[in-house]
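Here is what each chain is made of, one letter per residue.
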Amino acid sequence: MKTSALARFLHYVTIDTRSDERSATVPTTPGQLVLLRQLVAELRGLGLEDAVLDEFGYVMATIPATASLAHLPAIGFIAHVDTSPEMPGDGVRPIVHERYDGRDLVLPDDPAVVLRASENPALAQQIGHDIVTASGLTLLGADDKAGVAEIVAAAEYLMAHPEIPHGPVRLAFTPDEEIGRGADHFDVARFGAVCAYTLDGGGRGELEIESFSADAVTVTFRGFNTHPGYAKGRMVNAIRLAADFIARLPREDTSPETTEGYQGYLHPYQVEASVDRTSVKVLVRDFVTGALKEKEAIVERLAREVVAAHPGASVDIVVDESYRNMREVLERHPRVVDAARAAIRRAGMEPIERPIRGGTDGSRLSFMGLPTPNLFAGEHNFHSRLEWVSAQDMDKAVEVIVHLCTVWTESLITDH
Ligand SMILES: [Zn+2]
């Protein structure tokens, strides 16, 4: 199946849509609105007449049901338009390396940036495919413009093939996912679907139904500052307290640099320091939500031990919930996951299921009442100048979307 996904993708990546954590506007950057407005025009051009951009920067649209199936509940597909602010993302120059033969792909704008099959096992499996990379200076933006292009291409395909029966299919394009705000203003009721699928995953066949559960803990030490020349017996240095605390945090099997698979971790990632007051931010991650509490208890115990050893010091600990493992919701909706597995098989692949060592918009949407697993979009080397995607994988993702509509229609017709 050849689709318009590649052509659309090559255009979308040229628009700078980096989100910005420091911005207070919604969405956080005007570049995202440029792409979002364009998507509304494209969807209307395809015949999705209700396509609209709302005040928060969310595009929603409906692929209308085919004849006599308008009574079926809607399912949805979602992708995010922003790219990571941690990497250069303006002036992206996509390059299509046609019929890949295993050679090293030297990215011309910085010849030191080389994509090698020997270092990328997934690339070694792409012989004969058309590989898209950036030119060496920027990320590519396959995360998640591959997903955006696939959803629009699937809409085009379904509109052109009214003989494929399906109920209403809702589409959403969201801003600010990369900075964790992608679900903040998502109107689940207005979206009106029984479930959705984000297209924001890796290689062909991947299906993600488990994410981390995540909290952020801020540990603030308060000391006592005074002129260092006359500080004997009086100064309590909060920086030394924080350093002592960080040194006590367990490292083996409990840090990002020593864990993988289903292991969780504690990760000090930001320090704001002064003698009087030093705060340490610690990410807490685990696949079992209950285990977050145990890890947070370790943080609290170590912080209190440090303070107990320094008279005059005090500590304040604040825990903020970030997101929860989507599996807790998806377990209650097995047909959402089963339909994804069936659609992947119909497209000729065996589903590859791996836990996400992070979160997606789906992690939060699932808990907001919209069960949302994550499907592959063909993305590789996320947030890197070596990011790449294959045109054939994008077509496969479009195929999976089309099959998902059919699988759901068959199972819903049985119910109604
Ligand atoms: Zn993404």
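None of these values were measured; they are calculated from a predicted model.

A few words on the pattern of salt bridges. The final tally for this structure, using the stated rule, is 31 salt bridges. The partner of R190 in a salt bridge is D54, with the nearest N and O atoms 2.8 Å apart. Placement of the pair is R190 in helix α5 (residues 188-191) and D54 in the loop between β1 (52-53) and β2 (59-63), with a sequence separation of 136 residues. Overall, the relative accessible area of 18% leaves D54 in the buried class. Of the charged contacts, one joins R304 and E300 as a salt bridge, the two residues approaching to 3.2 Å between their closest N and O atoms. In this pair, R304 and E300 both sit in helix α7 (residues 289-308), four residues apart, roughly one turn of the helix. Note on R304: relative accessible area 41%, which makes it partly exposed.

In total, this model carries seven aromatic pairs according to the counting rule given. On the numbers, 5.2 Å between centres and 70° between planes, the contact of F186 with F191 is edge-to-face. The two residues F186 and F191 agree in class, both being buried. With a centroid separation of 5.6 Å and an interplanar angle of 85°, the aromatic rings of F212 and Y265 are classed as edge-to-face. Of this pair, F212 sits in the loop between β10 (206-208) and β11 (213-222) while Y265 sits in strand β12 (residues 265-272), and the two are 53 residues apart along the sequence. The exposure classification of F212 matches that of Y265, with both residues buried.

For the zinc ion, the full set of protein donor atoms is H80 (NE2), D143 (OD), D200 (OD) and D200 (OD), and the range of their distances to it is 2.0 to 2.4 Å. Because the angles between the four donor atoms bound to the zinc ion fall within 55 to 143°, the donor set is best described as irregular. With relative accessibility at 2%, the residue H80 sits in the buried group. Judged by relative accessible area, D200 falls into the buried class, the value being 10%.

Omega for the peptide link from V26 to P27 comes to -10°, which places this bond in the cis form. Cis geometry marks the peptide bond from D143 to D144; its omega dihedral reads 10°. Phi at R99 is positive, roughly 45°, even though this residue is not glycine. In this fold, R99 is placed in the loop between β4 (95-97) and β5 (105-106). Judged by its relative accessible area of 58%, R99 is exposed. A positive phi angle, close to 55°, is found at H383, a residue other than glycine.

The next subject is the nonpolar core. Ranked by size, the top nonpolar core spans 73 residues in total, and within it F9, F77, F173 and Y197 carry the most contacts. Counting residues per element, this core draws most heavily on helix α11 (residues 391-415), which supplies twelve residues. When residues no more than four places from it in sequence are discounted, the contact partners of Y197 are G76, F77, I78, V336, A339, A340, T372, P373, L375, L404 and W408. If you look at the next biggest cluster of nonpolar residues, it comprises 21 residues, including V219, L249, L302 and V315.

This part covers the sheet that holds strand β17 (residues 388-390). In sheet architecture, strand pairing relies on hydrogen bonds along the backbone and comes in two forms, parallel and antiparallel. The sheet built from three strands is open, its strands ordered β4-β7-β17 with antiparallel pairing. Looking at strand neighbours, the two that pair on one side only are β4 and β17, the edges of this open sheet. Looking at each pair of strands side by side, their axes are set apart by 25° on average, direction ignored.

A separate point is the packing of helix α2 (residues 30-45) against helix α4 (residues 142-160). One way to put it is that α2 packs onto α4 with a least axis distance of 11 Å and a crossing angle of 15°. In terms of axis orientation, α2 runs roughly parallel to α4. Crossing of α2 over α4 shows right-handed handedness. For the pair α2 and α4, the contacting residues are L35, L39, E42 and L43 in the first and K145, V148 and V152 in the second.

Okay, the environment of A153 next. Along the chain, A153 turns up in helix α4. In this structure, the C-alpha to C-alpha distance between A153 and I164, residues eleven residues apart in sequence, is 15 Å. Apart from the residues within four sequence positions on either side, A153 is in contact with T3, S4, A5, R8 and V398.

Procedures and definitions
Residue numbers here run from 1 along each chain, matching the order of that chain's written sequence. Reporting in this predicted model follows two pLDDT cut-offs: at least 70 for local features of residues, and 80 or more for side-chain atom pairs to be given and counted; totals over whole chains, interfaces and linings ignore these cut-offs and use all residues. Think of the side-chain values as coming from all heavy atoms in the structure, minus any hydrogens and water. Here, a salt bridge means any side-chain nitrogen of Lys or Arg that lies within 4 Å of a carboxyl oxygen of Asp or Glu. Numbering goes from the N terminus for both helices and strands, where a helix is a DSSP run of H or I of at least four residues and a strand is a run of E of at least two. Relative accessible area decides the class of each residue, using a 1.4 Å probe on protein chains only: under 20% of the type maximum gives buried, over 50% gives exposed, and in between gives partly exposed. Whether two aromatic rings pair depends on their centres lying within 6.5 Å, for rings of Phe, Tyr and Trp, where Trp uses its six-membered ring; planes under 30 degrees apart make the pair stacked, over 60 edge-to-face, and the rest tilted. The donor definition counts N, O and S atoms within 2.8 Å of each metal and applies 3.2 Å to Na, K and Ca; water is not among these atoms, so some sites may look incomplete. Only two sets of limits are used to name each site, 85 to 135 degrees for every angle of a tetrahedral four-donor site, and over 155 degrees for opposite donors with all other angles from 65 to 115 for a square planar four-donor or octahedral six-donor site, with any other site named irregular. Only buried residues count toward a nonpolar core. Its members are Ala, Val, Leu, Ile, Met, Phe, Trp, Tyr and Cys residues joined through side-chain atoms within 4.5 Å. Residue contacts follow a heavy-atom distance rule, with two residues in contact if any of their heavy atoms lie within 4.5 Å. Pairing between two strands requires that DSSP report at least two bridges joining them. Geometry is summarised by axes, namely lines fitted to C-alpha atoms with helices restricted to the contacting stretch, and by angles between N-to-C directions that run from 0 to 180 degrees. Geometric relationships in this document are graded by angle, where less than 35 degrees denotes roughly parallel, more than 145 denotes roughly antiparallel, 65 to 115 denotes roughly perpendicular, and other angles denote oblique. Handedness of a crossing follows from how the near helix is turned relative to the far one, being left-handed for an anticlockwise turn of less than a right angle and right-handed for a clockwise one.

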